[in-house]
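Okay, here's what each chain looks like letter by letter:
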Amino acid sequence: MKVLKFIGFFSLLSIVMTSCNQNQKVIVTAPVIDTIQSGEGISRAIDYLTEKPSNWSQTMFDSIANKISSLAAAGDLDRNILEDKSLKERLFDSSASLLKWKVDSVFRLATYSGYAQMRKDLKFLQNRNKLFYEAGLRIEQTNQFLNTVEDIFDNYDKVLSLSKSQFYQRVTYLKNYSLDYSSTKRNIEENRYYKTYFCHNAEIMRNIKEFPERVKSARFRYLTVLEDTIEAVVVRNGYTYKQLLDDQSKFYNYANGVNQKAIDELNLFVNNYVDPNEKSANEDKNTIQ
């Protein structure tokens, strides 16, 4: 095993990498922020933190920022407050750029590993953006990288939600099911990040493929509820047998080839239905006799 030794501020905390050719392990250690006593040490710590996503953490970001402030307050930075601001600006800008790079890389994959944490990191950096800006650092009030990341996240949530559509429709009496999935599919595919990112997402693409079956299932469910509604309305309003037959005919046109079970249920109801008007007439006739 070969160990690369770095100057001053490295601890035993390490990331292990394996050499492909020699099958040897190389230990790269993370900086111990408390031991840093110079702007050069801070600069190296920032380089380590923002070298790759696996190095970056909210805790280390704040540790470096706090160390910059403490060194500046003690007069230990070469250019004191000017270097203080410059280092914090680089800390923030490099972190925002790294998050954007990470999102761009992850969102081209089939699954978005660590999405929840990336959301948290975005919120964290947006908060630090506000604090640093209000402290007078030379950074934009809102960072363009973070704005882009937030926009990608918001559009992902929107597209994912659309892809989960079940296409249920509220039942309207004697109205047929009228939804289809074409407009939802079009809205997904026309999203500005679809071709770059979302078309690679396995969950979204799987959901889109399920659209035809979901519409079929939703139409079946709609007709089942509509059949129950017809029975309830007919009984409640005392429809004549002729009115019921008219409704049955319309329902058959809707459900034929889609929901035979609902057709059979309504047929059974029709066969057993007693027209209240005819029943009343028969009762009057019997009374007169």
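Each remark here, short or long, concerns the structure printed above.
Described in the following lines is the structure provided in the data block.

Here is what the cut-offs are and how they apply
Position labels on residues start from 1 in each chain and follow its written sequence. Given that this is a predicted model, residues contribute local features only at a pLDDT of at least 70 and side-chain atom pairs are listed and counted only at 80 or more, while totals for whole chains, interfaces and linings are drawn from all residues. Computation of side-chain values: all heavy atoms of the structure, hydrogens and water removed. What is meant by a nonpolar core is a set of buried Ala, Val, Leu, Ile, Met, Phe, Trp, Tyr and Cys residues, joined one to another through side-chain atoms within 4.5 Å. Note on exposure labels: buried denotes an accessible area under 20% of the residue type's maximum, exposed denotes more than 50%, and partly exposed covers the range between, all computed with a 1.4 Å probe on protein chains only. Every helix listed is a DSSP run of H or I at least four residues long, and every strand listed is a run of E at least two residues long, numbered separately from the N terminus. Contacts are assigned to residue pairs that have any heavy atoms within 4.5 Å of one another. Multiplying one less than the number of residues by 1.5 Å gives the expected span of a helix. The directions considered for the arc are those from the helix axis to the C-beta atoms. Between N or O atoms, a polar contact is any pair within 3.5 Å; within protein, one atom must be a potential hydrogen donor and the other a potential acceptor, and residues adjacent in sequence are included only when both atoms are from side chains. Fitted lines through C-alpha atoms give the axes, limited to the stretch in contact for helices. The angle between two N-to-C directions lies from 0 to 180 degrees. The cut-offs work like this: below 35 degrees is roughly parallel, past 145 is roughly antiparallel, 65 to 115 is roughly perpendicular, and the gaps in between are oblique. By convention, the crossing between two helices is left-handed when the near helix turns anticlockwise from the far helix through less than a right angle, and right-handed when the turn is clockwise. Each residue gets one of three labels, nonpolar for Ala, Val, Leu, Ile, Met, Phe, Trp, Tyr, Cys and Pro, charged for Asp, Glu, Lys and Arg, and polar for the others, Gly among them. Any carboxyl oxygen of Asp or Glu that lies within 4 Å of a side-chain nitrogen of Lys or Arg is treated as forming a salt bridge with it.

Quick word on the nonpolar core
1) Next: Core analysis: the largest hydrophobic core is formed by 71 residues, its most contacted members being Phe61, Ile64, Phe107, Phe198 and Phe251.
2) Next: Broken down by element, the residue count for this core peaks at nine residues, all from helix α8 (residues 211-237).
3) Next: Not counting residues within four places of it along the chain, the set of residues in contact with phenylalanine 107 comprises Tyr112, Tyr115, Met118, Ile152, Phe153, Tyr156, Tyr197 and Phe198.

Considerations on α8
1) Next: Here α8 contains 27 residues, and its C-alpha end-to-end distance of 38 Å stays within 8% of the 39 Å for a straight helix at 1.5 Å per residue.
2) Next: Buried within α8 are the following residues: Phe211, Arg214, Val215, Ala218, Tyr222, Leu223, Leu226, Glu227, Ile230, Val233 and Val234.
3) Next: Looking at the packing, one finds that the buried side of α8 touches α5 (144-163), α6 (182-189), α7 (202-209), α9 (241-255) and α10 (260-272).
4) Next: Within two residues after α8, glycine 238 carries a phi angle of roughly 65°, on the positive side.

So, α7
1) Next: All buried positions along α7 are accounted for by Ile204, Asn207 and Ile208. The arc that holds every buried residue of α7, seen down its axis, measures 100°, which confines them to one face.
2) Next: Close packing links the buried residues of α7 with α5, α6 and α8.
3) Next: The backbone nitrogen of glutamate 203 has a side-chain oxygen 3.1 Å away, supplied by the residue at the start of α7, namely asparagine 201.

Side note on the packing of α8 against α10
1) Next: Orientation of α8 relative to α10, taken along the N-to-C sense of each, is 15°, at an axis distance of 9 Å. Between α8 and α10, the crossing angle belongs to the class labelled roughly parallel. As for the relative orientation of α8 and α10, their crossing is right-handed in sense. Taken together, the residues of α10 that come into contact with α8 (itself represented by Leu223, Thr224, Glu227, Ile230, Glu231, Val234 and Val235) are Ala262, Glu265, Leu266 and Phe269.
2) Next: Of the residues belonging to the contact of α8 with α10, the class tally is seven nonpolar, one polar and three charged.

Side note on unusual backbone geometry
1) Next: One non-glycine residue, phenylalanine 167, adopts positive backbone phi at about 65°.
2) Next: Among the structural elements, phenylalanine 167 can be located in the loop between α5 and α6.
3) Next: Residue leucine 174 is not a glycine yet carries a positive backbone phi of 60°.
4) Next: The residue leucine 174 is located in the loop between α5 and α6 in this model.
5) Next: Relative accessible area serves as the criterion here: at 14%, leucine 174 is assigned to the buried category.

Overview of the side chain of serine 165
1) Next: Along the chain, serine 165 falls in the loop between α5 and α6.
2) Next: By relative accessible area, serine 165 is classed as buried at 19%.
3) Next: Each residue touching serine 165, except ones within four places of it in the same chain, is listed here: Thr184 and Arg214.

Brief notes about the pattern of salt bridges
1) Next: One pass over the structure, following the stated rule, counts 13 salt bridges.
2) Next: Between glutamate 203 and lysine 164 there is a salt bridge; the shortest N-O distance is 4.0 Å. Of this pair, glutamate 203 sits in helix α7 while lysine 164 sits in the loop between α5 and α6, placing them 39 residues apart in sequence.
3) Next: Take glutamate 203: its relative accessible area is 28%, and that puts it in the partly exposed class.
4) Next: Across the pair aspartate 246 and lysine 242 runs a salt bridge whose closest N-O atoms are separated by 3.5 Å. In this pair, aspartate 246 and lysine 242 both sit in helix α9, four residues apart, roughly one turn of the helix.
5) Next: Classification of aspartate 246 as partly exposed rests on a relative accessible area of 38%.
6) Next: With a relative accessible area of 59%, lysine 242 lands in the exposed category.
7) Next: Here the salt bridges do not stand alone but share partners, grouping Arg119, Asp154 and Asp157 into one network.

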